[in-house]
Protein chains: 2
Amino acid sequence: MSFEAAVNRKALQIAKLSIEMTTAAGSGHPSTAMSLAHLVTVLMYHQMRWDPKDPWNPSCDRLILSEGHAVPIIYAAYADLGGVIGKSKAEGRAMTREDAMSLREIGSIIDGHPNPKVGFPFFDAATGSLGQGLSVAAGMAAIARTQGLDRNFYCIIGDGESREGQIWEALDFIVDQELTNVIPIFNANELAQSDWVSPQQSHRTLVKKLEAFGFIVSDIDGHDPAEIRLALDELKVVQNGPRPLAIVARTIKGWGAAAEQGMGKHGTPVKKDKLAQIDQELEQTARDLGVNMGDAAGSDLQIAAITTKAPAHISTAQKPIKIAPLAEGLALVGLDKELAAGKPIATRRAYGAALVALGAADERIVALDCDVKNSTFAEWFAKKFPARFLECRIAEQNMISAAAGAAAAGKIPFCSTFAKFVMRAYDQVEMAINGGANIKITGSHAGVTLAADGPSQMSLSDVAFFRSYCHVKNYNGQTAVRYFFPSDAVSCYRLTELMANLDGCCYQRTLRADTKALYKADETFEADGYKVLREGKDMLLVSAGYMLHECLKAADELAKNGKKASVVDAYALPLKSHGIIELAARSGGRLVTVEDNYTGGLDAELALAAAGTGLKLKSLRVGQIPKSGREPQDVLDYLGIGVKAILGAV
Amino acid sequence: MSFEAAVNRKALQIAKLSIEMTTAAGSGHPSTAMSLAHLVTVLMYHQMRWDPKDPWNPSCDRLILSEGHAVPIIYAAYADLGGVIGKSKAEGRAMTREDAMSLREIGSIIDGHPNPKVGFPFFDAATGSLGQGLSVAAGMAAIARTQGLDRNFYCIIGDGESREGQIWEALDFIVDQELTNVIPIFNANELAQSDWVSPQQSHRTLVKKLEAFGFIVSDIDGHDPAEIRLALDELKVVQNGPRPLAIVARTIKGWGAAAEQGMGKHGTPVKKDKLAQIDQELEQTARDLGVNMGDAAGSDLQIAAITTKAPAHISTAQKPIKIAPLAEGLALVGLDKELAAGKPIATRRAYGAALVALGAADERIVALDCDVKNSTFAEWFAKKFPARFLECRIAEQNMISAAAGAAAAGKIPFCSTFAKFVMRAYDQVEMAINGGANIKITGSHAGVTLAADGPSQMSLSDVAFFRSYCHVKNYNGQTAVRYFFPSDAVSCYRLTELMANLDGCCYQRTLRADTKALYKADETFEADGYKVLREGKDMLLVSAGYMLHECLKAADELAKNGKKASVVDAYALPLKSHGIIELAARSGGRLVTVEDNYTGGLDAELALAAAGTGLKLKSLRVGQIPKSGREPQDVLDYLGIGVKAILGAV
């Protein structure tokens, strides 16, 4: 059988199964799936170097389905190939047609959108919130490049989806990094959900844009097996140079069955009583193409062999990372003298030092930053380990998704930018969490004490946002996000180390301002821990970060008036609140939380923990939109959360 | 004096003041400001049709400074022109040099980054978190276009900033809408914060990209007055056709003083003891250009006259919007029969109906959606009022910022997409809040009951995120965000009407699933209200949206066993919690919150309100990442938050 005939037959078979799966599920996007029938067939049965029996193999090529709603076509091919599914190798088994037909069932691991952690290891990251897959592919590809591995990362993107700005961030990143091992494939089927795509997303305009962005572009008929193969063959030539290849494939939404084509077929499965008609149309298409769809014989297509050998991923659990003692770590970046002199050190500097110490301790550590590395102090890592640093420029969405890709490639990526700008990528963060990505995010200039630049640079809702994930289990049964807010260089150094040793997403806030050391160099910190800094009988002040220092000042003032305050450094979320509630009871039954962010952080954490106890709780927090002030103290006073306000509250 | 000489002299004068302001502030970005000296001079003293004495004039051209950190150059020009500052016309006064020198002081309205609400009405929106200004400009321009007003919107974007994907979303939108009244001006000074810009953001690549996106591009020397004027003159020709003009201006960061040029000068003001040296360098530049910088004579430049007449903005307070009674409103979209028959109606449909009724009641209502209008039901509005509907395609960031622009143009924009995808634009939402934008956001398919598509389409942290703004006052002294979560068609219809009548940002969640009516057609709802649906002595269940119906079912089950539960519909945040706490006390002192989102919503709201009371509080919420299930009930049971779980909890 010719290559064309074999591809056509297989494309029809997997299109048919995609329809049947979505009909069984009662929801899904069969017409989008059908538009990818040939592309997916050529990729999965011919082009990609991979092994259906070992989808975890870190040496194989990968397919990233950015337009996640098209996933039934991948499931169909994978079931046909008997690809292994399961949450781990131990649980692995070959996917069957029955698995495919369980699509979207609550008990099934064949989920509505791609997610490796639900049990479909062919994928590397959760996709489905559009525009993110290409960044994931780029992150994986950048790691493969530094490892010298010959792996390709094929990424399928919808034409409508290419309206998302993140796609263009990813394309810039790919060109910057000369990642010719990423192949963006645009599925130009011309139909979006509620309308035809804009002329700005037509295949002609896409070709022009991609060329302007620096790609070599192949504009093909996405239902012509020979054209697809030819376009992919170009890779061999393209990969000799620095410019990456992009493919714009003209396709038909609902290819193979006229009744599935045109407007209004986006998220609508075929009704059961229409299946026979669709079948007939597919059979007719088969006849037109001169193939026999029902032929049970082998596919005549050959999956390409894996040609490279990657080191096995080392899980965090297997190899704890231990960094240099504090003084040594700070010495790596010249901060040791300040430490020795007892000078205040900004936690963002301690982060930079810890990152360098981590880099020295373990080669899995990589770092990413968005053109603020001289503010976050990721630049120290960039200088020491340039091959393990990815400058993402001013494009936070791409950074977070690329980090998810790097994590999927076995690395432990540390991302940094201003905490305010992490916000730009909250959807990407959530998708990374859903996919179980082992990413570490540090947002600098947290809270209001950066002062002069004003609220456009201040993170105010980040605590509420990240805390919401702190009481959620991910698919591995772990806490979905671990949150940290260190108040001094010692705790920041140690918490950064701790983040590297925790599996899953961590978020840390660092400060612009210098803060005094509160801890001795050998102090230890826990994932859900806190520290009792003072014990007093009259009240308990609970805080973290900059405001903790304000609480200590307030406690000193109170002491002058004969009042004894307990003070707790609540540097982590979720928090082992039980002990804090007991301490509050011993501290006059009065608890005051002090934060320089909007509500939803420590106030919510402790109010929920204190419910039913009768403890009096007062929360000091930012209650109005801040503004610029030349000094941190100006802003704290303006907002009514400084020492004076703490004294007023107690 | 020639035009060139006049521009050069003025450019030097405002560059000098920019330096002095930032030195006085002790922070800021003088070198970026200097790179814009000529562009800002030609725009503000020559090209723009505006009136420094009436910056609120809705007929004038506008300047949107997307790279907000360059703002000192605008302040300097504005002070020189004696432009009016103040939070309102009543408070307005001419800006002085002293005002400029108060930059970033806590008591000053000359803030670190642009914000009209702090008191600088020359601007229309808060900028400074990069990449957002062009969308704001596009939103304003789209409104001017529908109003038939001859207004231009000049938007200055940094070259480094153009890495942000949102810029490319905005460019697509501008071309789609043929907004030749927006003029994106790229400040190609080649230096970003921590490094030179990538070749992907070089002026050459920017020109290529802009052409591929459909722009007529003018590539100019941004320090040559004649070239700038010539490029802007092109507008007269360009505006006869559909393709917009973009300008790529090659500039020098730190123009005018060599000591301010090159790397490492980004966010660093000139030290006081270096001011004299910088002054000498500026004087030397003046001599080289043949102008006398100190010349106090008039500028020889003439601000262009305003040529169009816009209707005055009508404030919400002045003109309450009243929509049709429910049955009439539903009849507008053919839903009246379902209402009459007592059939369940999804709140997203009621939203669509209310939007149409609002559109009929008031022409200020405009709507925006991101290619899911057939799911959010914004499509009903799009069909009835096509001239007031902006299809933003799959680009949520641009939608939110464009809505902020539409609000600045006096409209009441309603944005809709899946609640999950609103997340894509949380940073844009916050900037809109900071700028006091009167925007209304409705996120559909909220919570977990969309079921089959899985968590990539579920909003889970949105309640915690938006709640954090519900206890914050904006610069107008109003609650920064009003949050609503209606449970039936009646309340959704009325809350949508209420949103139109509240000034500032509102966020509403709607449901995919149909829900039964809980209220009569004439029921009324308040911004911080709740409804007591049942009163019982044994416990209080508090919920909203879909889960409220589960609570009612649970209350029925409990009644069978002789237990009486109170049930409250807490459809709003912030919530007048006091009455709920009292009700809980009367209901056996037991309060259960029931939500299908992550923690940080009703649980936090009521735990804080109940603190100190001794009430027992239990919160049911989503405690693990959900997955696909074919029916809502499957997912609720999987997550342990369905009726069974409620019964278990009480």
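Computed from a predicted structure; not experimentally measured.

**Observations concerning unusual backbone geometry**
Residues and elements named next belong to chain A.
Alright, step 1. In the segment running from L573 into P574, the intervening peptide bond is cis, with an omega of -10 degrees.
Alright, step 2. At R104, a residue that is not glycine, the phi angle is positive and equals roughly 70 degrees.
Alright, step 3. With a phi angle near 60 degrees, R393 is a residue other than glycine that sits in the positive phi range.
Alright, step 4. Within the fold, R393 resides in the loop between β10 (389–391) and α16 (396–408).
Alright, step 5. A residue is classified by how much of its surface remains accessible, and R393, at 15% relative accessible area, is buried.

**Considering the environment of T417 of chain B**
All names here are of chain B.
Alright, step 1. Along the chain, T417 turns up in strand β11 (residues 412–418).
Alright, step 2. Between the C-alpha atoms of T417 and K373, which are 44 residues apart in sequence, the distance is 7.4 Å.
Alright, step 3. With residues near it in sequence (within four places) discarded, T417 still touches D369, C370, V372, T376, E396, M399, V422, T442, G443 and S444.

**Notes on the domain arrangement of chain A**
All names here are of chain A.
Alright, step 1. Looking at chain A, the domain boundaries give domain 1 (44–249), domain 2 (326–446 + 485–515) and domain 3 (531–649).
Alright, step 2. Using only C-alpha atoms to locate each centre, domain 1 and domain 2 end up separated by 29 Å.
Alright, step 3. Facing the 23 residues of domain 1 at the interface are 23 residues of domain 2.
Alright, step 4. Between domain 1 and domain 2, a total of about 1,900 Å² is buried, with carbon and sulfur atoms accounting for 58% of that surface.
Alright, step 5. For the interface between domain 1 and domain 2, the tally reads one salt bridge.
Alright, step 6. One salt bridge in this structure joins R393 and D176, with 3.9 Å as the shortest N-O distance.
Alright, step 7. Across the contact surface, domain 1 and domain 2 share nine residue pairs in polar contact (both at pLDDT 80 or more).

**A word on the packing of aromatic side chains**
To describe a pair of aromatic rings, one takes the distance between the centres and the angle between the planes.
Alright, step 1. A full pass over the atoms with the stated rule returns 47 aromatic pairs over all chains.
Alright, step 2. Taken together, a centroid distance of 5.3 Å and an interplanar angle of 45 degrees make the contact between F120 of chain B and F123 of chain B tilted.
Alright, step 3. Here F418 of chain B and F421 of chain B contribute two aromatic rings whose centre-to-centre distance is 5.3 Å and whose plane-to-plane angle is 10 degrees, an arrangement assigned as stacked. Side by side, F418 of chain B and F421 of chain B carry an identical accessibility label, which is buried.
Alright, step 4. For R509 of chain A, the ring lying beneath its charged end belongs to F485 of chain A, and the centroid distance is 4.7 Å.
Alright, step 5. R229 of chain B extends its terminal NZ or CZ atom over the ring of F3 of chain B, reaching a point 3.9 Å from the ring centre.

**Thoughts on the pairing of strand β13 (residues 481–484) of chain A**
All names here are of chain A.
Alright, step 1. Because side chains alternate across β13, one face comprises the buried residues V481 and Y483, and the other comprises R482 and F484, equally buried.
Alright, step 2. With four bridges joining them, β13 and strand β14 (residues 505–509) adopt parallel strand pairing. In the sheet register, F484 faces β14, and the bridge partner there is Q508.
Alright, step 3. Handedness of the β13-helix α20 (residues 489–501)-β14 crossover: right-handed.
Alright, step 4. Here β13 pairs with strand β19 (residues 572–573) via two bridges, running antiparallel. Counterpart to F484 in the pairing with β19 is A572.

**Observations concerning the packing of helix α13 (residues 347–361) of chain B against helix α20 (residues 489–501) of chain B**
All names here are of chain B.
Alright, step 1. Two elements in contact, α13 and α20, have axes whose closest approach is 8 Å; the angle formed by their N-to-C orientations is 40 degrees. With respect to α20, the axis of α13 lies oblique. For the element pair α13 and α20, the recorded crossing hand is right-handed. Of the residues in α20, those touching α13 at T347, A350, Y351, A353, A354, A357 and L358 are A489, C492, Y493, T496, E497 and A500.
Alright, step 2. Along the lines of polarity and charge, the residues of the contact of α13 with α20 split into 10 nonpolar, two polar and one charged.

**Looking at the sheet that holds strand β21 (residues 616–620) of chain A**
Residue and element names in this part refer to chain A.
Alright, step 1. The strand order β16-β18-β17-β20-β21 describes an open sheet built from five strands, whose pairing is mixed. Each edge of the sheet is formed by a strand with only one pairing partner; in this case those strands are β16 (531–534) and β21. The average angle at which neighbouring strand axes cross in this sheet is 25 degrees, direction not considered.
Alright, step 2. Looking at chain direction, β16 and strand β18 (residues 565–569) are connected through three bridges and run antiparallel. What sits directly across from R534, in β18, is V567.
Alright, step 3. Each of β16, β17 (539–543), β18 and β20 (590–594) touches helix α21 (residues 545–560); the most contacted strand, β18, lies at about 170 degrees to it.
Alright, step 4. The sheet strands contacting helix α22 (residues 577–586) are β16, β17, β18 and β20, and the helix crosses β17 at an angle near 145 degrees.

**Looking at the interface of chain B and chain A**
Alright, step 1. With 115 residues of chain B in contact, the opposing surface of chain A contributes 115 residues.
Alright, step 2. Of all residues in chain B, R163, R424 and R630 of chain B bury the most surface against chain A, accounting for 10% of the area lost on that side.
Alright, step 3. Across the salt bridge formed by E430 of chain B and K420 of chain A, the nearest N and O atoms sit 2.5 Å from each other.
Alright, step 4. Remark: the boundary between chain B and chain A carries 82 residue pairs in polar contact (both at pLDDT 80 or more).
Alright, step 5. Broken down by element, the side of chain B that touches chain A gets its largest block of residues, eight residues, from helix α7 (residues 165–176) of chain B.

Here is what the cut-offs are and how they apply
- Residues numbered from 1 in each chain as written.
- Chains lettered and ligands numbered in written order.
- Predicted model: local features only at pLDDT ≥ 70, side-chain atom pairs only at ≥ 80, totals over all residues.
- Heavy atoms only, no water.
- Helix = DSSP H or I, 4+ residues; strand = E, 2+ residues; numbered from the N terminus.
- Buried < 20%, exposed > 50% of the residue type's maximum accessible area, 1.4 Å probe, protein only.
- Contact = heavy atoms within 4.5 Å.
- Domains from an automatic or database assignment.
- Buried area = accessible area lost by both parts, 1.4 Å probe.
- Salt bridge = Lys/Arg side-chain N within 4 Å of Asp/Glu carboxyl O.
- Polar contact = N/O pair within 3.5 Å; in protein donor to acceptor, adjacent residues only side chain to side chain.
- Phe/Tyr/Trp six-rings, centres within 6.5 Å; stacked < 30°, edge-to-face > 60°.
- Lys NZ or Arg CZ within 6 Å of the ring centre and 35° of its normal.
- Pairing = 2+ DSSP bridges.
- Right-handed = clockwise from strand over helix to strand, strands pointing away.
- Axes fitted to C-alpha atoms, helices over the stretch in contact; angles between N-to-C directions.
- Parallel < 35°, antiparallel > 145°, perpendicular 65-115°, else oblique.
- Left-handed = near helix turned anticlockwise from the far one by under 90°.
- Nonpolar A, V, L, I, M, F, W, Y, C, P; charged D, E, K, R; others polar.

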